[in-house]
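# Summary of structural features
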Amino acid sequence: MDPISASCFSLHIQENQRAIAEEQKQDEKFSEIIVSCKSLSRYDGRTFKTLVPQILAAVIVASYHIVVGISLAYSAILIPSVDPNNTEFRAEDGIVASKTECSWIASVIVIVVPIGAITGGFFMDSIGRLNTIKMAAIPSLLGWSLIALAQNVPMVIAGRLLAGFASAWGTSPAIVYMTEIGRADLRGSLISCAPTFASLGMVICFLKGWFMHWKTVAWLSNIYAVVPCILICFIPESPAWLVSKGRIEQAAKSLQWINKYQPQPENRNESLAELQLNFLQKEHQQKLEQQSLKGSGALVKLKEFFKPTGYKPIIILFGLFFFQQFSGIYITLFYSVTFFQDVGSTINPYLASVLIGTVRMLMSCVNTYMLRTFQRRPLIMVSGLGMAICMGFSGLFTYWIKQKTSTQNWVPVLFILLYVVTSMIGLLNIPWTMTAELFPIEIRGVAQSLSYSIANLLMFIAVQSYYPLDYILGGTAGVQWFFAVVSILASIYVFIVLPETHNKKLSEITEYFVDNTIFLMSDKKKKKINPPQKKGVTRAAKKDIVKSNGQSEKLMNSV
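Read on for a plain summary of the structure. (Residues numbered from 1 in each chain as written. Predicted model: local features only at pLDDT ≥ 70, side-chain atom pairs only at ≥ 80, totals over all residues. Heavy atoms only, no water.)

## Focus on the packing of aromatic side chains
Test applied: Note on aromatic contacts: the rings of Phe and Tyr and the six-membered ring of Trp form a pair at centre separations within 6.5 Å, being stacked when their planes are under 30 degrees apart, edge-to-face when over 60 apart, and tilted otherwise. Secondary structure is summarised from DSSP: a helix means a run of H or I of at least four residues, a strand means a run of E of at least two, and numbering begins at the N terminus for each. Accessibility here uses a 1.4 Å probe with only protein chains present; expressed as a share of the type maximum, an area under 20% marks a residue as buried, one over 50% as exposed, and anything in between as partly exposed.
Within the structure shown, the criterion is met by 21 aromatic pairs. On the basis of an interplanar angle of 55 degrees and a centroid distance of 6.0 Å, the ring pair of F165 and W169 is categorised as tilted. In this pair, F165 and W169 are both assigned in helix 8 (residues 153-181), four residues apart and thus about one turn of the helix distant. With a relative accessible area of 21%, F165 lands in the partly exposed category. Classification of W169 as buried rests on a relative accessible area of 15%. On the numbers, 5.5 Å between centres and 75 degrees between planes, the contact of Y335 with Y467 is edge-to-face. Placement of Y335 in the loop between helix 17 (331-334) and helix 18 (336-342) and of Y467 in helix 24 (residues 466-472) is noted, with a sequence separation of 132 residues between them. With a relative accessible area of 1%, Y335 lands in the buried category. Owing to a relative accessible area of 11%, Y467 belongs among the buried residues under this scheme. One aromatic cluster in this structure is built from Y335, F339, F340, Y466 and Y467.

## As for the side chain of S63
This is how it is decided: Any pair of nitrogen or oxygen atoms within 3.5 Å is treated as a polar contact; in protein, a donor-acceptor pairing is required on top of that, and neighbouring residues in sequence qualify only through side-chain atoms on both sides.
Inspection of the secondary structure assignment puts S63 in the loop between helix 3 (48-62) and helix 4 (65-82). The class for S63 is buried, based on a relative accessible area of 12%. Only 2.5 Å separates the side chain of S63 from the backbone oxygen of I60, close enough to count as a polar contact.

## Re the environment of F415
The following threshold applies: By definition, residues are in contact when any of their heavy atoms lie within 4.5 Å.
Relative to the elements of secondary structure, F415 occurs in helix 21 (residues 411-425). Apart from the residues lying within four places of it in its own chain, the contact partners of F415 are C390, F393, S394 and F397.

Next up, the structure:
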């Protein structure tokens, strides 16, 4: 209920007047921000040349994701070399790993991500986005060097642990940096560079693992951590972060670099960089005023989690990530070489892994268009059903190959590649994007980090479960059918529970959780409880825009 509606129930005229005055203040701030952003958008050049600095900076910071992709795929080329039951086992290395140790080698990189993300967030806010990426190179170099020098399994696991910290410290600052420097209509495309580079890193890892010793691959991985840090020295820090630290002169220089090819705005004495600097300063001041009025302590945020708008999205996301992780998306990545050997295919498992990485890279580019065009719920449901069909048929042919009733050894690999394609349609990527969409602005940052941590904890459990599932279900065919069943359950879960967020205002998403939990029951409930909405921008939307921390343009686009 907005302030004016609430005042109708008040018995005191003075309270009414206060509510009206507060509403007028919100309207004034809303109008001020709208006018400021419209004027900035009008002056923004639309030629490719004007975008070159933003694209260059985004490519440089996103390039750190190459070593992140290598870290994710590395267990796939390492485990066959240290598992004595595998045909690729290298006895001359002197390192022998049990099934339990192999599962730790694969999964330990994930278990440290929540800790790394939280500590990285503090570093990102205190020393800057780019400096945090540079700092991530330290544990990365130590981790890969430790793996390359490893004489036993604990050294390998310790190296993977450090690589996990480096991945967490290097990825989030890059995404935040691209969000803060990118033009509103270009922001999504810039951010899509990150998963594309990560997929490229996977391809590089599989290719090198095909022809090189795993220790050589570890040594060479240091290059992909050092080069981005060197290139980062030639681009400026985020203007929004510099303004938040009171470093106005540096923020002005940063904006001048980002807008170096922008034309002079018509009928204005200021350049576009100067106009943007004024907007950032005004936005930062409004944030400080809002924090001083409402407070920003831990207790205030904790109370928000006990509201329906706080705990309902967490519960829904927990279920969504559970089905995502146990549908086999990341299990098949971390154990790709071993997995392709187990399905009975005669195709080189490293070649098949390279194909998987290439498909992921190409689909990450296509996915940018799909997320812009189609609704979230249908994409995830189609993705889950497609994954179930592909993995079901792959398991069927794997079973026939094991039973010697089929010689079509290439068919399981084909269906697994199609499984990867269908996973990229929705179930792989959309849950990660919804961690920021479903929560109210008051707790969005903390809630996103919490959801991210829950997802990685589930990923750790899923990756650890591969060998037990293989034993309980009687082999790889049983595991594949298990993935198929979970994929179907994921589609059913989304159909029943998950709300639609595509083309929805953030305020509408927040209001949905006040009275609704199950999506299939939401329409009927909404008609009974919610009054008819007036056309135009709602007061709730205005409040979201005014209170937005560094996301004013994104919210205004949604309005």
